[in-house]
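Architecture and fold: a report
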Amino acid sequence: MKILNTLSRQGFSPKGLFLFIAFLSLTITSQAQSDEDIEEIREIYDNVLTSSSCYDWLHFLCKRIGGRIAGSPEGTAAERYTAQMLDSIGADTVWMQEVEVNYWRRGSVAKAKVVNSELLGNVDLSTVALGFSGRTPKMGLTAEVIKVWDLNALEKIPASEIQGKIVFFDKGMDPTKTNTFHAYGAAVGQRTAGPRSAAEKGAIATLTRSMTLKQDDIPHSGVTVFQDQTPIPALALGMQSANLLSELLDSEKGIKINIQADCEHMGKQKAHNVIAEIKGSTYPNEVIVVGGHLDSWDIGEGAHDDGAGCVQAMEVLHVFRRMGIRPKRTIRCVLFANEENGMFGATTYAAYAKNSKEKHIAAIESDAGGHTPRGFRMDALKEISKSAFKQAQKWREILAPYGLYYLDAGGSAADISKLKSQGTVLFGYRPDSQRYFDYHHAETDVFENVHKRELELGAAGMAALIYLIDKYGFTFE
Ligand SMILES: [Zn+2]
């Protein structure tokens, strides 16, 4: 009553009073909710940091199975292993979704050798074939090298100057871009489309500077896309070898290189998306996907790319089970079949989602390495993105104390991006980017380069975000 008297004296109308009380109770409720959320998320972190299996799973994927190109025997072994593990943690359903992939085999030889330098004589360059590279005759092929900066520069050169030559793309990642993914995005066109464009102008092979900022000489592979063009040998050079070749081409005329590669295109092959879920208790047909891609390049162990993302996604289901969290919505772990060489896993899953009776409300993918967590990038259809972003900003406040302070609009991750047109809100998990391209698609992408706590912190962060999405859902204005 005292409050009422004070309020009346201050000129509150009964209607105003009602609104004030409603506001007060809303504030109290939402405070209680956020206290409860803070507590629950602390428990998720405690649980993952003391009881998770994700590091052990990654060890098996890397050391017992190793690099796993989609369609390869290693790819099949990885599907079986992860399905078994998902079953063992008590997922309600585990199933394999068939995906047809183009299988390409690297072979055992990749060489690039300068054969006529006046200054240095013969020089072996550190090299590796790009995914879907063509092969050379057994003794290799030898031709003059022409250096071009990038795709735009190539376009301006007449075909007569390219014909019969080996094209060397010199543009690498720009060190001034503090986020290395931006540097990668600005340079990777030379790798994905360079060989095709060079072949169209009559080049007989290409060499591309590796997509890395590390000053070593380890070459980095990755896909190149020929579309209808007949594949020519397309190799990547390690950073130091690319520097040396670039300088040689500046100082000497008529530098020739011998290239050898015995890659093979194996045609269509069957692979699978590995899928497991915890059924939603209230809205079973509303789905939250959490995933990574199970395939990797074959020269390393696919540890950061993307074994880390797969085991983090698996860990989300695992921690929900260990803590006895019963989600309202269905939480579905999807390990996509082939992000690296065709995206057929993502395309197959998106087609399935579209034809199902389910509504995919959100999808979270970890495919940026297993390093220290930084946050998420968000993406959604224009008509819902503003309001989804606003809601997620509230969750960011709860997650920020765990290092997940970053939530930016635009971009998410490759596999889940195929769900965007269905109105799904997408989140790409973003760890620190500085060391990712030291290992990406290289022989150094091995288990030893993934840090246990960093990996687990990422898994916990993804579980925490999913906990919040599941609890509150999205309401679009
Ligand atoms: Zn990846």
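Residues numbered from 1 in each chain as written. Predicted model: local features only at pLDDT ≥ 70, side-chain atom pairs only at ≥ 80, totals over all residues.

1. What to know about the overall build of the protein chain
Selection rule: Numbered from the N terminus, helices here are DSSP runs of H or I no shorter than four residues, and strands are runs of E no shorter than two.
A count of helices and strands for the protein chain gives 15 helices and 16 strands. Principal axes of the C-alpha set define a box for the protein chain whose edges measure 100 × 50 × 40 Å.

2. Considering the nonpolar core
Note the threshold: Put simply, a nonpolar core is a cluster of buried Ala, Val, Leu, Ile, Met, Phe, Trp, Tyr and Cys residues tied together by C-beta atoms within 7 Å. Burial is judged by counting other C-beta atoms within 10 Å of a residue's own C-beta: 20 or more means buried, 12 or fewer means exposed, and anything between counts as partly exposed, with every C-beta placed from the backbone. Here, residues touch in the contact sense if the C-beta positions derived from the backbone fall within 7 Å of one another.
By size, the foremost hydrophobic cluster in this structure holds 132 residues, and its most contacted members are Leu58, Leu235, Val316, Ala463 and Ile466. In terms of residue count, helix α15 (residues 452-472) provides more of this core than any other element does, eleven residues in total. In contact with isoleucine 466, other than residues within four places in its own chain, are Ile288, Val290, Val316, Ile331 and Ile364.

3. Quick word on the sheet that holds strand β11 (residues 283-293)
The test is simple: Between any two strands, pairing holds if DSSP finds at least two bridges. The convention used is that axes are lines fitted to C-alpha atoms, helices contributing only their stretch in contact, and that angles between N-to-C directions extend from 0 to 180 degrees.
Reading across the sheet, the eight strands line up as β1-β10-β12-β11-β13-β16-β14-β15 and stay open at both edges, with mixed pairing between neighbours. Looking at which strands have only one partner, the edges of the open sheet turn out to be β1 (93-105) and β15 (406-409). Strand-to-strand, the axes of this sheet are offset by a mean angle of 20 degrees, without reference to chain direction. Relative to strand β16 (residues 425-431), strand β13 (residues 359-366) runs parallel, the two sharing five bridges. Note on β16: the bridge partner recorded for alanine 362 is valine 425.

4. Digging into the sheet that holds strand β3 (residues 121-125)
The sheet built from eight strands is open, its strands ordered β3-β2-β9-β5-β6-β7-β8-β4 with mixed pairing. Both outer strands of the open sheet, β3 and β4 (127-129), are each paired with one neighbouring strand and no more. Each adjacent strand pair in this sheet contributes to an overall mean axis angle of 30 degrees, direction not counted. Sheet topology note: the strand β6 (residues 166-169)/strand β7 (residues 205-209) ladder contains four bridges and is parallel. Looking at β7, one finds that valine 167 is bridged to threonine 206.

5. Brief notes about helix α7 (residues 180-187)
The condition that has to hold: The directions considered for the arc run from the helix axis to the C-beta atoms.
Taken as a whole, α7 has its buried residues at Thr180, Ala183, Tyr184 and Ala187. Taken around the axis of α7, the buried residues stretch over an arc of 100 degrees, which confines them to a single face. Looking at the buried positions of α7, the neighbouring elements they touch are α8 (189-192) and α14 (436-439).

6. What about the domain arrangement of the protein chain?
Size of an interface, as often reported, equals the accessible area lost when the parts are brought together. How we decide: How far each domain reaches was decided by an automatic or database domain assignment.
In terms of domain boundaries, the protein chain breaks down into domain 1 (43-102 + 267-472) and domain 2 (107-262). Between the C-alpha centres of domain 1 and domain 2 the distance comes to 33 Å. In this assembly, 15 residues from domain 1 lie in contact with 18 residues from domain 2.

7. Description of the pairing of strand β8 (residues 234-237)
Within a regular strand, the side chains alternate between the two sheet faces. Side chains Ala234 and Ala236 project from β8 onto one buried face, and the interleaved Leu235 and Leu237 project onto a second face that is buried too. As judged from the three bridges shared by β4 and β8, these two strands associate in the antiparallel manner. When the sheet's bridge partners are listed, alanine 129 is paired in β8 with leucine 235. Bridge count for β7 against β8 is four bridges, and the pairing is parallel. Counted as the bridge partner of arginine 209 is leucine 237 from β8.

8. Here we look at unusual backbone geometry
Across the junction of aspartate 305 and aspartate 306, the peptide omega takes the value 0 degrees, indicating a cis bond. Unusually for a residue other than glycine, phenylalanine 132 sits at a positive phi of about 80 degrees. One non-glycine residue, methionine 343, lies in the positive phi region at around 65 degrees. The class of methionine 343 is buried, set by 20 C-beta atoms lying within 10 Å.

9. Notes on the confidence of the model for the protein chain
Let me state the cut-off plainly: The quantity known as pLDDT measures the predictor's confidence residue by residue, on a range of 0 to 100.
Summary statistics for the protein chain give a mean pLDDT of 93 and a share of 93% for residues scoring 70 or more. Considering only residues more than four positions removed or in separate chains, one finds that residues 1-12, a stretch of pLDDT under 50, has four contacts.

10. With respect to the packing of helix α3 (residues 54-65) against α15
Angle between the axes and distance between the axes are the two parameters that describe a pair of packed helices. In plain terms, the rule: By convention the crossing between two helices is left-handed if the near helix lies anticlockwise of the far one by an angle smaller than a right angle, and right-handed if it lies clockwise. Asp, Glu, Lys and Arg are counted as charged, while Ala, Val, Leu, Ile, Met, Phe, Trp, Tyr, Cys and Pro are counted as nonpolar; the rest, among them Gly, fall into the polar class.
At a minimum axis distance of 9 Å, the contact between α3 and α15 shows a crossing angle of 115 degrees. Considering the relative orientation of α3 and α15, their crossing is right-handed. Contacts from Cys54, Tyr55 and Leu58 of α3 reach α15 at Lys452, Leu455, Glu456 and Ala459. Tallied by class, residues from the contact of α3 with α15 come to five nonpolar, no polar and two charged.

11. Some words on the pairing of β7
Among the five residues that make up β7, five are buried, leaving the element largely enclosed by the rest of the structure. Every second residue of β7 is oriented toward a common face, with Ala205, Leu207 and Arg209 on one face and Thr206 and Thr208 on the other, all of them buried.

12. Some thoughts on the environment of methionine 378
Within the fold, methionine 378 resides in strand β14 (residues 373-379). On the neighbour-count criterion, methionine 378 (22 C-beta atoms within 10 Å) is buried.

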